[in-house]
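Here's the letter readout for the chains.
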Amino acid sequence: MSSFFAMGGYAAYVWPAYGVAAAVLIGVWIASVRGLRARESEIEAVEAERPRRERR
Amino acid sequence: MHRYANPARFQRLSRAVFPWSAGLTVLFLGLGLWFALFDSPPDYQQGETVRIMYIHVPAAWMALFSYTCVAVASAVLLVWKHPLAELAARAMAPVGASFTAVCLITGSLWGEPMWGTWWVWDARLTSVLVLFFLYLGYIALANAFDDPTRGGRAAAILALVGVVNVPIIKFSVDWWNTLHQPASVMRLGGPSIDPSMLRPLLLMALGFTFYFFTVTLIRIRAEILARRLRALQFAQGAAEPSGIRQVSA
């Protein structure tokens, strides 16, 4: 088990590589979802204020 | 293609496709990581550092693929003025830039123990760094204008000018003497890499591809809403000329 984490002595290179990839890819996914949620609530707020007669 | 120019139709389609795309992302990344970390051998020369390849190479493939997609969307925008093309290109650029960054960083982490250096200005590394700057330039230019359609068009031109870098990156290891090794997968005569290593490589590549597709769907939906919001705010600003309404960019 500890030999798995040691990665043949290259742990200092292998694990940061996987860590950076995970951080970036998960981060972009989360940022994208949060951006979508923010746009959705902004749209709701603006459409709620619109005069009702404009409903097509 | 123009059927999906209707944003409402696109939203419905993307909502239907999204769970499958997300599920396939998790499936292929899970399988890929299993084989990459557990069920594949160390390299006879590079030892366990070869496992960095299972992140680095798929990220590089995605960096090139994403840029090509941005360029194609840009061409569609400029030639056919397809309304969703600009939004798609804007959505994909940051994801492509992220893959490029992951490729560069994991490449450095692989290069230090194997080559003895974090960086070298050879043709492959330099042209991928240029790709990264092209992505950043695209994003900056697209957001630099008050009118987003002008920004989208300007950025589209940049994307098309920069697309020549994609074959340069691909063939850099053939055209120049590079420290970076030549191709072992996408080459005439087929892959020279062992199947036990090709399997995690292709699984991770599939996982990254579905990831790209899934995140792009999320981002395009956000871009559609942002554009609609801007139009609504503009219309409200025009309808209430006496009001002190700020139109946010």
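Residues numbered from 1 in each chain as written. Chains lettered and ligands numbered in written order. Predicted model: local features only at pLDDT ≥ 70, side-chain atom pairs only at ≥ 80, totals over all residues.

J.: Would you take a moment to explain the overall build of chain B for this structure?
T.: The secondary structure content of chain B amounts to seven helices and zero strands. For chain B, the sequential pattern of α-helices and β-strands runs α-α-α-α-α-α-α. Looking at the 249 residues of chain B, the share that counts as buried comes to 38%. (Helix = DSSP H or I, 4+ residues; strand = E, 2+ residues; numbered from the N terminus. Buried ≥ 20, exposed ≤ 12 C-beta atoms within 10 Å, placed from the backbone.)

J.: When you look at the overall build of chain A in this model, what are you seeing that I'm missing?
T.: For chain A, the helix and strand inventory stands at two helices and zero strands. Residue burial in chain A is summarised as follows: out of 56 residues, 18% are buried.

J.: I tried to follow the packing of helix H2 (residues 50-80) of chain B against helix H5 (residues 148-162) of chain B on my own but got confused; where do I start?
T.: For any two helices packed against each other, the geometry is given by the interaxial angle and the distance between the axes. Residues and elements named next belong to chain B. Between H2 and H5, whose axes approach to 8 Å, the crossing angle comes to 125°. Between H2 and H5, the crossing angle belongs to the class labelled oblique. In this structure, the crossing between H2 and H5 has a hand that is left-handed. Contacts between H2 and H5 involve Val70, Ala71, Ser74, Ala75, Leu77 and Leu78 from the first element and Gly152, Arg153, Ala156, Ala159 and Leu160 from the second. Considered class by class, the residues forming the contact of H2 with H5 number eight nonpolar, two polar and one charged. (Axes fitted to C-alpha atoms, helices over the stretch in contact; angles between N-to-C directions. Parallel < 35°, antiparallel > 145°, perpendicular 65-115°, else oblique. Left-handed = near helix turned anticlockwise from the far one by under 90°. Contact = placed C-beta atoms within 7 Å. Nonpolar A, V, L, I, M, F, W, Y, C, P; charged D, E, K, R; others polar.)

J.: What is the right way to read the interface of chain B and chain A from this model?
T.: You'll often see interface size given as the accessible area lost when the parts meet. The interface of chain B with chain A comprises 31 residues on the first partner and 23 residues on the second. Each residue belonging to the side of chain B that touches chain A can be placed in one class, and the counts come to 20 nonpolar, five polar and six charged.

J.: When you look at unusual backbone geometry in this model, what are you seeing that I'm missing?
T.: Residues apart from glycine generally show negative phi values, whereas peptide bonds are mostly found in trans. Residues and elements named next belong to chain A. Unlike most non-glycine residues, Met7 shows phi in positive territory, near 45°. Checked against the element boundaries, Met7 lands in the loop between helix H1 (2-6) and helix H2 (11-49). Given 20 C-beta atoms within 10 Å, Met7 falls into the buried group.

J.: Help me out: how do you make sense of the nonpolar core in this one?
T.: Proteins that are soluble and globular tend to have nonpolar side chains buried together. In this structure, Ala59, Ala63, Val70, Ala88 and Ala89 of chain B are the most contacted members of the largest nonpolar core, which totals 73 residues. Put simply, the parts of the chain that give this core at least two residues each are H2 of chain A together with helix H1 (7-37), H2, helix H3 (83-115), helix H4 (123-142), H5 and helix H7 (195-239) of chain B. It is H2 of chain B that provides the largest number of residues to this core, a total of 17 residues. For Val70 of chain B, the contacting residues outside a window of four places in its chain are Ala89, Met92, Ala93, Gly96, Tyr138 and Ala159 of chain B. (Core = buried A, V, L, I, M, F, W, Y, C linked by C-beta atoms within 7 Å.)

J.: Help me understand H2 of chain A in this model?
T.: Taking 1.5 Å as the rise per residue, H2 of chain A with 39 residues should run 57 Å; its terminal C-alpha atoms sit 56 Å apart, in good agreement. If you check which residues of H2 of chain A are buried, you get Tyr13, Val14, Ala17, Ala21, Leu25, Val28, Ser32 and Leu36 of chain A. (Expected span 1.5 Å × (residues − 1).)

J.: Could you clarify how one ought to interpret the packing of H3 of chain B against H5 of chain B in this entry?
T.: All names here are of chain B. Running from N to C, H3 and H5 cross one another at 65°; their axes reach a closest spacing of 10 Å. By the criterion of interaxial angle, the relationship of H3 to H5 is roughly perpendicular. For the element pair H3 and H5, the recorded crossing hand is left-handed. Of the residues in H5, those in contact with Glu86, Ala89 and Arg90 of H3 are Thr149, Gly152, Ala156 and Ala159. Its residues assigned to classes, the contact of H3 with H5 comprises three nonpolar, two polar and two charged.

J.: I tried to follow the environment of Leu31 of chain B on my own but got confused; where do I start?
T.: Residues and elements named next belong to chain B. Tracing the backbone through its elements, the reader meets Leu31 in helix H1. The class for Leu31 is partly exposed, based on 17 C-beta atoms found within 10 Å. Along the chain, Leu31 and Gly207 lie 176 residues apart, while their C-alpha atoms are 8.7 Å from each other.

J.: Just checking my understanding: could you explain H4 of chain B for this structure?
T.: It helps to recall that an α-helix has 3.6 residues per turn; residues three or four apart then point in one direction. Residue and element names in this part refer to chain B. Helix length check: H4 (20 residues) gives 28 Å between terminal C-alpha atoms against 28 Å at 1.5 Å per residue, within 8%. Among all positions of H4, only Arg124, Leu125, Val128, Leu131, Leu134, Tyr135, Tyr138 and Ala142 are buried. Residues of H4 that are buried make contact with H2, H3, H5 and helix H6 (165-175).

J.: Explain the confidence of the model for chain B here, please?
T.: It should be kept in mind that the predicted coordinates are not to be read in detail where pLDDT is low. Across chain B, pLDDT averages 93, with 94% of residues at or above 70. In the predicted complex, the global pTM is 0.92; the interface-specific ipTM is 0.90. (pLDDT = per-residue confidence, 0-100.)

J.: What is the right way to read the environment of Val166 of chain B from this model?
T.: Residue and element names in this part refer to chain B. Structurally, Val166 can be placed in helix H6. Sequence separation between Val166 and Arg187 is 21 residues; the distance between their C-alpha atoms is 16 Å. Ignoring sequence-local partners within four residues, the contact set of Val166 consists of Leu64, Tyr67 and Thr68.

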